[in-house]
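Here's the letter readout for the chains.
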Amino acid sequence: MDLLDSGQKFSPRQDSDWDTTLQFLPAADTKHLEKKSGRRKKLWIGLGLVLSAAAVSLLTGLLVWHFHLRSDVRVKRVYIGSMGIGDQRFLPAYEDPSSPQFSSMATLVSRQLKLIYSKNSVLTKYFKGSSVQAFSEGEGGSDSLVAYYQSEFDIPVPQQGALDEAIESLEPSSQQGRQGRVLLKPVDALSVNNVISRVIDPRMTRTSLQVGESFNVHVSKAGVVQSPGFPDSSYPSNVYLMWRFRADPGHRVRLDFHTLILEDDCQQDFIKIYDSLAPIEHRALTEQCGYPHGSLSFLSSGNVMLLTLVTDEEKNFPGFRANYSQIPLTEQKCGGTLSGDKGSVSSPFFPSNYPPRTSCVWNIEVPVEKFVKVQFSKFLLGNQSNQCPEDYVKVDDKRLCGRKLKNTVITSQSNTMTIKFNSDSSYVDQGFTAEYEAFVPTNPCPGRFQCTNNLCINTTLQCDGWNDCGDGSDENNCECNEAQMKCKNGRCKPKFWECDGSDDCGDGTDEENCEKCKPGEFSCRNGLCISETLKCNGKDDCADGSDESKCERSLVLQQCSEFTFRCRDGRCISKLNPECDGEPDCEDGSDEDNCQCGSRPYRSSRIVGGQMSREGEWPWQVSLHIRGTGHVCGASVLNNRWLLTAAHCVQDNGPNKYSQADQWEAMLGLHVQSQTNEWTVRRNIKQIIAHQDYNSMTYNNDIALMELDKNVTLNQNIWPICLPSPTYDFPEGQVAWITGWGATREGGSVAMILQKAEVRIVNATVCKNLMNDEVTDMMLCAGVLKGGVDACQGDSGGPLSVTGPSGRVLLAGLVSWGDGCARRNRPGIYTRVTKYRSWIKEKSGV
Ligand code: ARG
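None of the values given here were measured: they were computed from a predicted structure. For every chain, the first residue of the written sequence is number 1, and numbering continues from 1 along that sequence. Local features in this predicted model are restricted to residues whose pLDDT is 70 or higher, and side-chain atom pairs enter the listing and the counts only when it is 80 or higher, whereas totals over whole chains, interfaces and linings include all residues. Note: side-chain values were computed over all heavy atoms of the structure, leaving out hydrogens and water.

A. A look at the site of the ligand. For this purpose, a residue is taken to be near a molecule or strand whenever a single non-hydrogen atom of the residue falls within 4 Å of it. Surveying the vicinity of the ligand reveals 15 residues, the closest of which are His648, Asp790, Gly794, Ser796 and Gly820. Separating an oxygen atom of the ligand from a side-chain N or O atom of Ser796 is a distance of 2.4 Å. Between the ligand and Gly820 there is a distance of 2.9 Å, counted from a nitrogen atom to a backbone nitrogen or oxygen. Here, Shrake-Rupley sampling with a 1.4 Å probe gives the accessible areas, and only protein chains in the shown set may cover a residue. When the ligand sits alone it has 340 Å² of accessible area, and the protein chains cover 92% of it. Counting residues per element, the shell around the ligand draws most heavily on strand S43 (residues 809-817), at three residues. The classification used treats Ala, Val, Leu, Ile, Met, Phe, Trp, Tyr, Cys and Pro as nonpolar, Asp, Glu, Lys and Arg as charged, and all other residues, Gly among them, as polar. Split by residue class, the shell around the ligand holds five nonpolar, eight polar and two charged. Contacts described as polar in this section are N or O atom pairs within 3.5 Å, which, within protein, must combine one atom able to donate a hydrogen with one able to accept it, while residues neighboring in sequence count only if both atoms come from side chains. Only runs of H or I of at least four residues qualify as helices and only runs of E of at least two qualify as strands under DSSP, and these elements are numbered from the N terminus.

B. Representation of the pattern of salt bridges. We define a salt bridge as a contact between a side-chain nitrogen of Lys or Arg and a carboxyl oxygen of Asp or Glu at a distance within 4 Å. A full pass over the atoms with the stated rule returns 25 salt bridges. The partner of Glu281 in a salt bridge is Lys272, with the nearest N and O atoms 2.8 Å apart. Here Glu281 and Lys272 have matching classes, each one buried. Linked through salt bridges whose partners overlap, the residues forming this network are Asp201, Arg203, Lys272, Glu281 and Glu287. A 1.4 Å probe rolled over the protein chains alone gives each residue an accessible area, and that area as a share of the maximum for its type sets the label: buried under 20%, exposed over 50%, partly exposed in between.

C. Region of the structure containing the nonpolar core. In this structure, Phe245, Leu255, Phe257, Phe432, Leu643, Leu668 and Ile840 are the most contacted members of the largest nonpolar core, which totals 101 residues. Pairs of residues are marked as contacts when any of their non-hydrogen atoms sit within 4.5 Å. Those residues within four positions of Phe245 in sequence are excluded, and the remaining contacts are Val217, Val219, Val225, Val253, Leu255, Leu277, Asn303, Val304, Met305, Leu307 and Tyr324. Definition of nonpolar core: a set of buried residues of the types Ala, Val, Leu, Ile, Met, Phe, Trp, Tyr and Cys, connected through side-chain atoms within 4.5 Å. With 31 residues, the next largest nonpolar core counts Met105, Ala106, Phe135 and Val195 among its residues.

D. Just the sheet that holds strand S33 (residues 621-626), in detail. The strand order S33-S34-S35-S38-S37-S36 describes a closed barrel built from six strands, whose pairing is antiparallel. The mean angle between the axes of side-by-side strands here comes to 45 degrees, regardless of whether they run parallel or antiparallel. DSSP-based pairing: two strands are paired if at least 2 bridges between them are found. Of the pairings in the sheet, the one linking S33 to strand S36 (residues 664-668) comprises five bridges and is antiparallel in character. Along S36, the bridge assignment pairs Ser623 with Met667. Here an axis means a line fitted to C-alpha atoms, over the contact stretch when the element is a helix, while the angle between two N-to-C directions is reported on a 0 to 180 degree scale. Along the sheet face, helix H10 (residues 837-844) touches strand S35 (642-645), strand S37 (681-690) and strand S38 (704-708) and points at about 30 degrees away from the line of S38.

Next comes the structure, spelled out in structure tokens:
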């Protein structure tokens, strides 16, 4: 990323240049002219008007000229840099900026910088001054020192490019390093090995920022850093804070984030980590904001690291807590010679982010008659680009980078293979893990199916309807059985996926010929045909809303209906599910407000027919315990105070007073029953609000709110799910997930580890027929009709989660009831949450 031209900051100076331009204005003269004789008064008034008009246009012209064309309007430009010094050693006193040693060395460095700049006409002309911020041990052993500084220039706007160039010309390119030293070394000054500087990140010079404290942290003893106020309050506004970490010489700094929750928009609040003691862009390791998902363990290349936090005036979040420690530089197993038929390699410190400026080479050699293949099971290496100039993996002659190479197989054409890993000085990533294997060239997948992309998969996965190869080759040219339909592309899919509104074949064949209407007509979901022209007109012409639910453009409508989204300003738009889809559709942008919910935490590392979930995968899932009994029902986190569950969970049952708040205990951030950890929060319930119209015979209105007695601090395992607006459409066939600790088979016992299972939304009419008309419009059906996957006893009240277009997860339903569990043609029945949006708002304010 080139930040050199993004650092412009316009702050026109109030200097004499500026004021003199204003003296040209002749407006004051009109008054003077008025005092001339009365006879000529009229003439003068006319002339005055003309002159005033001229003055106004002159002023306008001057302003335009001043701001756009004048070449001497100056801006402040700040560079952050480091200077490697060869003939000085690092003294402990240099850690303290108030020590006399620090000051005298800082003076030498500043003088040296001035000297260096004096050799360049651009630099010397606009140089304002520099200040030294810190020192560290140099890389060239004990006889070297690094100084970190900031230099300020006042530069005419058009000259900024030239200034950046001049600054960069000071940096000796790697080949001419030695020569650079000679050039830069004046007779009686410091022996400068190198200078690196880059324009400062413009967000760090926002005028509203108070440059706050900087903290010096020694990491030889491990410890914890956190943002101010963490975890009891959110971080302060408008601050720029720095933590300077130093390890013992010969060690690296390691920083592991335990929590990191900032505002979503990196332009406002962010942290940035540097492989340096000053924020030199060239040494930036990462920038993070929002609620990041990747690895949050970072390593420096040398014995220093810098963490910065910048915030703006609004929307402050909990912030961060991180553990720091040091590890010896020698402790890095990477590269080497590998023999043997099988093995694995991974980037240094995987699954932590790899350190910058690192390279490793592995030489793999297998028996002569065999070839080698390597398969990447994880591959996260910066941005994809053609040449992979920055961080890359090189397998024989092939350079690889980016984040799309998971499961890629590369084969050698001989019995050896070389794998090289290289990281440059900035922006690190999680890296890779790969398994290699020797194979006989004539039989690359013994006993298994070979995909076109060279992956080997179990033969049972062939033609099972799922794309296991990743390139679909295991699903091509299949013979379909009688329960399957044949897609045009040769794939087989379950018959009941036909015409369910989602393209399961991948070529749309399963959704073809589903419409029974004439050309020019729109076929409603309920089978009605209406004229195309009635589609998306804001009126419910189908009577099931389907003609109003799939409108591409967001049209601001005169009329609101059950099928439009109501913006905060009261106007309605006609787009399908506009909220939190990443595009502002309302004129007031309110469809994109409050979209922090429904995202998954970064370390996301039964339900019948389900599978174990990963910790943190369902951070809105709550386990509701009855004191002395344990898990009884599920619930979802709506915010730091409110939970949503099923009303049938909170009904008295003989001696069990489930309607009483003090009987309950909510477990948030739980993964394994009876195993709490640092992320788990236990809360008492202050009050329970069950729906006033809950019907225990029909399970209609099966919904209840629970208020916690104390707010919880959201963390990576506790996060709210998004509530869909009343008009949100969950079409049939859409994939949804159910989660819970309920029974793993009908009549079975509850699960210890949170289970998850994938189901699909079932057509309401089909569902009513299957369930003997016991399903109301306040309910939603979901399941797998061939049976085997469902919610069950103990899952009640838990979420039916649907991932929206922007990746946010929405609460489509609450586990309510079913006929047995996971029986064929008996979908699970859920409380349709969209129907209760205003009830929730009214009762809880959420
Ligand atoms: N009522 C059950 C409970 O209390 C949940 C039943 C869900 N059943 C189903 N087949 N989806 O836990």
